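One letter stands for each residue in the lines below.
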Amino acid sequence: MLAAVLLVLLLAGCATATKPAQPFRPPAGMFPANGLVTQRGVLTALGRQFPLNGYLALSESGGRRLIVTENFGKVMADVLVKPDGKIFVMQSSRAFPPKWIRRHVAADLECLLGTTPATADCPVRMVGTNHFVVERRWYSLDLRTVETRPGPQKAEFFDETRAETK
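Residues numbered from 1 in each chain as written. Predicted model: local features only at pLDDT ≥ 70, side-chain atom pairs only at ≥ 80, totals over all residues. Heavy atoms only, no water.

**Observations concerning the sheet that holds strand β1 (residues 35-45)**
One open sheet holds the eight strands; their spatial order is β5-β4-β3-β2-β1-β8-β7-β6, and the pairing between them is antiparallel. At either end of the open sheet lies a strand with only one pairing partner, and these are β5 (87-91) and β6 (124-128). Going across the sheet, the axis of each strand differs from the next one's by a mean of 25°, ignoring polarity. Where strand β7 (residues 131-135) lies against strand β8 (residues 139-150), five bridges are found, and the strand directions are antiparallel. Counted as the bridge partner of F132 is L143 from β8. Relative to strand β4 (residues 75-81), helix α2 (residues 98-113) is tilted by about 65°, and along the sheet it contacts β2 (48-59), β3 (63-69), β4, β5, β6, β7 and β8. (Pairing = 2+ DSSP bridges. Helix = DSSP H or I, 4+ residues; strand = E, 2+ residues; numbered from the N terminus. Axes fitted to C-alpha atoms, helices over the stretch in contact; angles between N-to-C directions. Contact = heavy atoms within 4.5 Å.)

**Thoughts on the state of the cysteines**
What the rule picks out here adds up to one disulfide. The disulfide that involves C111 links it to C122, with 2.2 Å between the sulfurs. With the S-S dihedral at roughly -80°, the linkage between C111 and C122 falls on the left-handed side. Of this pair, C111 sits in helix α2 while C122 sits in the loop between α2 and β6, and the two are eleven residues apart along the sequence. Neither residue differs from the other here; C111 and C122 are each classed as buried. (Disulfide = S-S within 2.5 Å. Buried < 20%, exposed > 50% of the residue type's maximum accessible area, 1.4 Å probe, protein only.)

**Let's talk about the pairing of β1**
Counted residue by residue, β1 has eight buried out of eleven residues, so it is predominantly covered. Judged from the eleven bridges that link them, β1 and β2 form a sheet pairing that is antiparallel. Bridge pairing in β2 links R40 to N53. The antiparallel hairpin formed by β1 and β2 contains two residues in its connecting segment, where L46 sits at a positive phi of about 50°. Pairing of β1 with β8 involves eleven bridges; the strand directions are antiparallel. Of the residues in β8, the one forming a bridge with T38 is E147.

**A look at the packing of aromatic side chains**
Applying the stated rule across the entire model yields four aromatic pairs. Consider the rings of F96 and W100, whose centres lie 5.2 Å apart with planes at 65°: the pair is edge-to-face. Where W100 meets Y139, the ring centres are 5.4 Å apart and the plane angle is 50°; that geometry is what we call tilted. Of the two residues, W100 is situated in helix α2 and Y139 in strand β8; the sequence distance between them amounts to 39 residues. (Phe/Tyr/Trp six-rings, centres within 6.5 Å; stacked < 30°, edge-to-face > 60°.)

**Focus on α2**
Look at α2: 21 Å from first C-alpha to last across 16 residues, which is about the 22 Å you get at 1.5 Å a residue. Restricting attention to buried positions, one finds in α2 the residues I101, H104, V105, A106, D108, L109, E110, C111, L112 and L113. In the segment just after α2, G114 is the residue with positive phi, at about 75°. (Expected span 1.5 Å × (residues − 1).)

**Digging into the confidence of the model for the protein chain**
A residue-level look at the protein chain finds 83% of positions with pLDDT of 70 or above and a mean pLDDT of 85. With pLDDT under 50 throughout, residues 1-20 is counted as low confidence; its partners more than four residues away or in other chains account for zero contacts. (pLDDT = per-residue confidence, 0-100.)

Structure follows, in structure tokens:
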């Protein structure tokens with residue numbers, strides 16, 4: 001009899017409904033409308049960790065440009081997201097092909113900035129001030145903002161005609 005009660009309690013605990021994930025919205029003022037944000041992160045994929053640096057140029061009129069490098073400065077991914085949501089791969093690499101940049105890098109960027117639609121899947125958690133974790137099925141990204149410099153950025157940062165692929 002006790003075993004049956006424990007089994008019912010165990011099964012009832014497993015049957016709880018999970019709340020759908022809410023889109024992440026950063027606190028107001030966390031990212032400037034115009035500025036340069038420097039970030040450091042660790043990408044974990046398939047059980048391996050890869051340290052990365054990110055340089056994010058923001059322009060309220062031109063969009064968002066993210067350049068991801070490895071520790072020695074080699075560009076791994078460079079993506080421009082225009083204000084209308086169009087994505088341009090400015091530069092790709094073997095590690096980050098254009099399709100992956102469009103599907104994951106650009107999506108994670110929009111999630112972190114809080115610019116995704118309310119229906120989007122944004123698995124972002126804010127762990128602490130300037131510390132974020134993105135957890136997707138096949139990878140996770142532990143990301144820290146190390147410097148934010150407000151101010152206008154060069155217009156050529158947001159020129160999609162220099163894109164590698166459209």
